[in-house]
Amino acid sequence: MRTCVGCRERAAKSDLLRIVAEPPIAAGASGPTVLTPDPRGRMPGRGAHLHPDPECLALAERRRAFGRALRADGPLDATAVQAWIDAQPGRQDASEHALRANPERADRSDERSMSTQRP
Ligand SMILES: [Zn+2]
């Protein structure tokens, strides 16, 4: 289990996108640290985990969660992460495609509502 740096909910590692920080090319170089999606979890270094969801990305940026999770100072460039999330299939039509793409997250109905009988 990992915690999404956006909404802070815990989720299975496979449901979250790993993000690593690519440091500036040269030490002392100005420019933002580039956040890079690592869907296979193979890249070395410290990683942050995020739902592949634009809302979680926005939350993480607002809370500066990437800087904390990745120990990165200064500005962060999340363009690549945004592009990765945008490229996910089914994100445009949330109602139908999201169910097919991610049924576990979409259909998390309260199981207790099944038993309406009272003792
Ligand atoms: Zn999240």
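Scroll up for the structure.
Just so it is clear, the structure is predicted and the values come from calculations on it, not from any experiment.

Description of the overall build of the chain
Secondary structure summary: the chain contains five helices and six strands in total. Ordered by position from the N terminus, the helices and strands of the chain form the series β-β-β-β-β-α-α-β-α-α-α. Across the 119 residues that make up the chain, the buried fraction comes to 22%. Long-range contacts, defined here as pairs at least 24 residues apart, represent 58% of the contacts in the chain between residues at least 6 apart.

Focus: the nonpolar core
In terms of nonpolar packing, the biggest core is built from 20 residues, with V5, L35, L50, L57, A60 and F66 touching the most fellow members. Looking at this core, the elements that each hand over two or more residues are β3 (17–22), β5 (47–50), α1 (54–62), α2 (65–70) and α3 (79–86). In this view, L50 contacts C4, V5, G6, L16, L17, I19, C56, L57 and A60; residues no more than four positions away in its chain are not counted.

With respect to unusual backbone geometry
Within the chain, R8 stands out as a residue other than glycine whose phi angle is a positive 65 degrees. Checked against the element boundaries, R8 lands in the loop between β1 (2–3) and β2 (10–11). The exposure class assigned to R8 is exposed, which follows from the 12 C-beta atoms found within 10 Å. The backbone of R64 shows a phi angle near 55 degrees, a positive value even though the residue is not glycine. As for its placement among the helices and strands, R64 is situated in the loop between α1 and α2. Judged by the 12 C-beta atoms lying within 10 Å of it, R64 is exposed.

Topic: the sheet that holds β5
Spatially, β5-β3-β4-β6 is the arrangement adopted by the four strands of the open sheet, whose pairing is mixed. Because the sheet does not close on itself, it has two edges, and the strands there are β5 and β6 (76–77). By the bridge criterion, four bridges tie β3 to β5 in an arrangement that is antiparallel. Directly across from L17, in β5, lies its bridge partner L50. Against the sheet, α3 contacts β3, β4 (33–37) and β6, and its axis sits at roughly 25 degrees relative to β4.

Comments concerning the pairing of β4
As defined by bridge partners, β3 adjoins β4 across four bridges and the pair is classed as antiparallel. By the bridge assignment, V20 is partnered in β4 with T36.

Structural notes on the environment of A60
Relative to the helices and strands, A60 resides in helix α1. Distance from A60 to G6, taken between C-alpha atoms, is 4.1 Å for residues 54 residues apart in sequence.

Reading guide: rules and limits
Residues numbered from 1 in each chain as written. Predicted model: local features only at pLDDT ≥ 70, side-chain atom pairs only at ≥ 80, totals over all residues. Helix = DSSP H or I, 4+ residues; strand = E, 2+ residues; numbered from the N terminus. Buried ≥ 20, exposed ≤ 12 C-beta atoms within 10 Å, placed from the backbone. Contact = placed C-beta atoms within 7 Å. Core = buried A, V, L, I, M, F, W, Y, C linked by C-beta atoms within 7 Å. Pairing = 2+ DSSP bridges. Axes fitted to C-alpha atoms, helices over the stretch in contact; angles between N-to-C directions.

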